[in-house]
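In case you want the letters, here they are:
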Amino acid sequence: QQQVKQSPQSLIVQKGGISIINCAYENTAFDYFPWYQQFPGKGPALLIAIRPDVSEKKEGRFTISFNKSAKQFSLHIMDSQPGDSATYFCAASQVSYGKLTFGQGTILTVHP
Amino acid sequence: DVKVTQSSRYLVKRTGEKVFLECVQDMDHENMFWYRQDPGLGLRLIYFSYDVKMKEKGDIPEGYSVSREKKERFSLILESASTNQTSMYLCASSLTRGGQPQHFGDGTRLSIL
């Protein structure tokens, strides 16, 4: 059972454009929602994370939007750059438990 | 910086062999995790450990076991390797149980022939 569904599977964006990746979850006990970025040949690395007590969190060009009632959250990358080309994973967990459930991943390609 | 080191980047084994994947972290983290990564399926948790000699099953533990004899080292064992275990295996560690970043190694690409 896939408890976190991520879309799209792949995304192509022009340099300077906005990249948007969406995730939906089922378990209402989840209370921690991180996004990980993975470059080829490397392990994933934490990019940004949000708790459900806020609806938006911004760090530089990266923003998480969170909709608790819809059980959805999304990653927005503003002014996308070729260096942002990577695979992005959303995830969810219960803080008290610590086990992360990952989405299927999105391969982002930013054309120069 | 936290460093999670996986012993092999690439590994080729035969069906039926017992396979050991090793992972070491250098930041005294309590928690360690083993995932497998397959295209279109994301990362799926195999086993995790909150402390030395403790282990808990993840979402896909069948065909795998783990060992954590020392805090810094977490081993994944394929008891009798099968072709459907060909995959990328990722180890991770985190400082405490939840709400903390998981730090990943660069993975072991395992091929079972």
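Notes on the structure in this doc start here. (Residues numbered from 1 in each chain as written. Chains lettered and ligands numbered in written order. Predicted model: local features only at pLDDT ≥ 70, side-chain atom pairs only at ≥ 80, totals over all residues. Heavy atoms only, no water.)

## Some points on the overall build of chain B
At step 1: Looking only at helices and strands, one finds zero helices and eleven strands in chain B.
At step 2: When the helices and strands of chain B are placed in sequence order, the string is β-β-β-β-β-β-β-β-β-β-β.
At step 3: Since a compact globule built from 113 residues should have a radius of gyration of about 13 Å, the 13 Å found for chain B is in line with a globular shape.
At step 4: With the C-alpha coordinates of chain B rotated into their principal frame, the extents come out at 35 × 30 × 25 Å.
At step 5: Taking all 113 residues of chain B together, 49% fall into the buried category.
At step 6: Intrachain contacts of chain B at a sequence separation of at least 6 include 55% that bridge at least 24 residues. (Helix = DSSP H or I, 4+ residues; strand = E, 2+ residues; numbered from the N terminus. Rg over C-alpha atoms; globule rule 2.2 N^0.38 Å. Buried < 20%, exposed > 50% of the residue type's maximum accessible area, 1.4 Å probe, protein only. Contact = heavy atoms within 4.5 Å.)

## A closer look at the pattern of salt bridges
At step 1: Counted by the stated rule, this structure contains nine salt bridges over all chains.
At step 2: We note a salt bridge from K57 of chain A to E59 of chain A, for which the minimum N-O separation is 3.7 Å.
At step 3: On the accessibility criterion, E59 of chain A (38% relative accessible area) is partly exposed.
At step 4: One salt bridge in this structure joins K18 of chain B and E79 of chain B, with 3.8 Å as the shortest N-O distance. With K18 of chain B in the loop between β2 (10-13) and β3 (19-25) and E79 of chain B in the loop between β8 (73-78) and β9 (87-94), this residue pair connects regions lying 61 residues apart in the sequence.
At step 5: What emerges from the salt-bridge pattern is a single network uniting R36, D38 and R44 of chain B. (Salt bridge = Lys/Arg side-chain N within 4 Å of Asp/Glu carboxyl O.)

## Side note on the packing of aromatic side chains
At step 1: Across all of its chains, the model carries 18 aromatic pairs over all chains by this definition.
At step 2: Where Y25 of chain A meets F73 of chain A, the ring centres are 6.2 Å apart and the plane angle is 55°; that geometry is what we call tilted. Placement of Y25 of chain A in strand β3 (residues 19-25) and of F73 of chain A in strand β8 (residues 72-77) is noted, with a sequence separation of 48 residues between them.
At step 3: Since its relative accessible area comes to 6%, Y25 of chain A is described here as buried.
At step 4: Residue class for F73 of chain A comes out buried when judged on its relative accessible area of 1%.
At step 5: When the centroid spacing of 5.2 Å and the interplanar angle of 70° are considered together, the rings of F48 of chain B and Y50 of chain B count as edge-to-face.
At step 6: Residue F48 of chain B is classed as buried on the basis of its relative accessible area of 0%. (Phe/Tyr/Trp six-rings, centres within 6.5 Å; stacked < 30°, edge-to-face > 60°.)

## A word on the state of the cysteines
All names here are of chain A.
At step 1: Inspection of every chain in the model, using the stated rule, returns two disulfides over all chains.
At step 2: Across the disulfide from C23 sits C90; the S-S distance is 1.9 Å. As the torsion about the S-S bond is roughly -95°, the C23-C90 disulfide counts as left-handed. With a gap of 67 residues between them, C23 in strand β3 and C90 in strand β9 (residues 86-92) connect regions that are remote in the sequence. Both residues of the pair, C23 and C90, count as buried. (Disulfide = S-S within 2.5 Å.)

## Some thoughts on the sheet that holds strand β1 (residues 4-6) of chain B
Residues and elements named next belong to chain B.
At step 1: Read across the sheet, four strands follow the order β1-β3-β8-β7 without closing on themselves; strand pairing throughout is antiparallel. Here the strands that pair on one side only, and so sit at the sheet edges, are β1 and β7 (64-70). Taken pair by pair, the neighbouring strands of this sheet meet at an average axis angle of 20°, ignoring direction.
At step 2: Where β7 meets β8, five bridges bridge the pair, whose relative direction is antiparallel. Across the sheet, the residue bridging to Y64 is L78, located in β8. (Pairing = 2+ DSSP bridges. Axes fitted to C-alpha atoms, helices over the stretch in contact; angles between N-to-C directions.)

## Remarks on the interface of chain A and chain B
At step 1: With 21 residues of chain A in contact, the opposing surface of chain B contributes 23 residues.
At step 2: Summed over both sides, the interface of chain A with chain B buries roughly 1700 Å², with 51% coming from carbon and sulfur.
At step 3: Of all residues in chain A, Y97, K99 and F102 of chain A bury the most surface against chain B, accounting for 27% of the area lost on that side.
At step 4: Our enumeration of links across chain A and chain B arrives at two salt bridges.
At step 5: Across the pair K99 of chain A and D59 of chain B runs a salt bridge, and its minimum N-O distance is 2.9 Å.
At step 6: Taken together, the connections running from chain A to chain B amount to six residue pairs in polar contact (both at pLDDT 80 or more).
At step 7: Classifying every residue of the side of chain A that touches chain B by side-chain character gives nine nonpolar, nine polar and three charged. (Buried area = accessible area lost by both parts, 1.4 Å probe. Polar contact = N/O pair within 3.5 Å; in protein donor to acceptor, adjacent residues only side chain to side chain. Nonpolar A, V, L, I, M, F, W, Y, C, P; charged D, E, K, R; others polar.)

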